[in-house]
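Below are the chains, spelled out letter by letter.
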Amino acid sequence: MASRPRLLVVGGGYLGCDVARRLDRVMDVTLVEPKPAFLHAPAMIRALVKPALLDAATIPYDGLLRHGRVLAGRVARLQPDGATLANGTTLLSDVTLVATGSSYALPFKSSAEDLESFLATHRALAARIARARHIAILGAGAVGTELAGEIAAARPDIQLTLVSAAETPMPDQPDRLGRALLTRLQRMGVEIVTQGNGHDFAAGQGARDGPLVLSDGRIVEADLVLPALGALPRTDLLSALPTVRLDSAGRVRTDPWLRPAPGAMPGLFTGGDMAATGDAMTIVGILRQAPYLSKALRAAGKGKRIEHMSPYSPWRDAPVLVPLGPRLGASHLPLPAPLAHAGMVRGLGDALTRLAKGRDLFIGKYRRLLRAPRFKG
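I will try to describe carefully the structure that is included in this document. All figures in this text were calculated on a predicted structure; none of them were measured in a lab.

## Examining the nonpolar core
Working step 1: Leu-97 and Leu-297 are the most contacted members of the largest nonpolar core, which has 38 residues in total.
Working step 2: Elements with a contribution of two residues or more to this core: strand 1 (6–10), helix 1 (14–23), strand 2 (28–33), strand 9 (95–98), helix 8 (283–301) and helix 11 (363–369).
Working step 3: Ranked by residues supplied to this core, first place goes to helix 8 with eight residues.
Working step 4: Apart from residues no more than four positions distant in its own chain, Leu-97 is found in contact with Leu-7, Leu-8, Val-9, Val-10, Leu-15, Val-19, Phe-269, Thr-270, Gly-271, Leu-293 and Leu-297.
Working step 5: Counting 35 residues, the second largest nonpolar core, distinct from the first, contains Ala-105, Leu-160, Leu-182 and Val-320.

Okay, structure coming up:
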């Protein structure tokens, strides 16, 4: 039997794990990841009020690949035929996928190898939330909105303020969704305060004691402030290459086939949060990118010209699922044109959001992906 093409996957997040498992049977896969376990980010939000979820959302990589291997380490340098690890080990590959994702304020994401420190930080913040009497959340994107819903559902006894840059949460999404979320949050007792972007928090900064001073001088007398100001692309590995360029959001520019340096390194691909694919920095983008990249990597590994493939096409109208605790929430789903023109509603309410995501936050799905024992939640 001819040897299988060698695939190197850098990053054990959503895209890296998905692609590595898809290609495990047909390519010689090596996945490199510094953390010893996969951290399922959406569940980290609910785990702040239900700490028992923390273990279920921390999933070892042991079962991900049946034929390939997962190496604990950090890639220090890329080259056309593979990569060099920080410890000096050289890994050879025919094709490489860099999917190092993004970073977020602790404890929603961790890029550190020290898993125990991350878990300790998460548990400490959960204890602070349990003691707090007034919590302010700065930022009403997906993380801030979901966090507000989880805390409001678990702690109806406290005062909760969500500081938004617009009149409705998630202003970059369809207005119908923002209004549905606003109505539910207000019904749950969450105070929505609108302000501009002026504040003294930096993206990536963690929780701190209150009060919170807004840009117009107003003071939110919270005893705990939780920033949710968005993710930062982790592009250091690719931006070190001389021909790689970043867009205005700090994401890596690619050619139409998701290659960041097609001239110098035609077998190098990227995707996920770190890449300017045209998709938003959400897990939803992976649902479209993973099958495309799996096909492209397999073709490239066989020596086929990628230019003969169709270019990658991002979501035109991506689905959005926003649970507000385990029972409430709102969603936006794309519909085929005939159904949309017929007046079908794109927004979904509490019951379907709960069934689609809110009930277990996809913990079961990702435990199955990594072949971990079933989650009984």
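## Section: the pattern of salt bridges
Working step 1: Evaluation of the coordinates by the stated rule reveals 16 salt bridges.
Working step 2: Between Arg-179 and Asp-175 there is a salt bridge whose closest N-O contact spans 2.6 Å. In this pair, Arg-179 and Asp-175 both sit in helix 6 (residues 175–187), four residues apart, roughly one turn of the helix.
Working step 3: Using a relative accessible area of 44% as the deciding quantity, one classes Arg-179 as partly exposed.
Working step 4: A relative accessible area of 46% means that Asp-175 is categorised as partly exposed.
Working step 5: In this structure, Arg-259 and Asp-255 form a salt bridge, with 2.9 Å as the shortest nitrogen-oxygen distance.
Working step 6: For Arg-259, a relative accessible area of 5% puts it in the buried group.

## Focus: the environment of Leu-138
Working step 1: With respect to the helices, strands and loops of the structure, Leu-138 is situated in strand 11 (residues 134–138).
Working step 2: Put simply, Leu-138 and Arg-253 are 115 residues apart on the chain and 30 Å apart in space, counted from C-alpha to C-alpha.

## Observations concerning the packing of helix 1 against helix 8
Working step 1: Where helix 1 meets helix 8, the axes come as close as 9 Å, and the angle between the chain directions of the two elements is 40 degrees. The orientation of helix 1 with respect to helix 8, classified from their angle, is oblique. The chirality of how helix 1 crosses helix 8 is right-handed. Mapping the contact onto sequence places Tyr-14, Leu-15, Asp-18, Val-19, Arg-22 and Leu-23 in helix 1 and Ile-283, Ile-286, Gln-289, Ala-290, Pro-291, Leu-293, Ser-294, Leu-297 and Arg-298 in helix 8.

Parameters and conventions
- Residues numbered from 1 in each chain as written.
- Predicted model: local features only at pLDDT ≥ 70, side-chain atom pairs only at ≥ 80, totals over all residues.
- Heavy atoms only, no water.
- Core = buried A, V, L, I, M, F, W, Y, C linked by side-chain atoms within 4.5 Å.
- Buried < 20%, exposed > 50% of the residue type's maximum accessible area, 1.4 Å probe, protein only.
- Helix = DSSP H or I, 4+ residues; strand = E, 2+ residues; numbered from the N terminus.
- Contact = heavy atoms within 4.5 Å.
- Salt bridge = Lys/Arg side-chain N within 4 Å of Asp/Glu carboxyl O.
- Axes fitted to C-alpha atoms, helices over the stretch in contact; angles between N-to-C directions.
- Parallel < 35°, antiparallel > 145°, perpendicular 65-115°, else oblique.
- Left-handed = near helix turned anticlockwise from the far one by under 90°.

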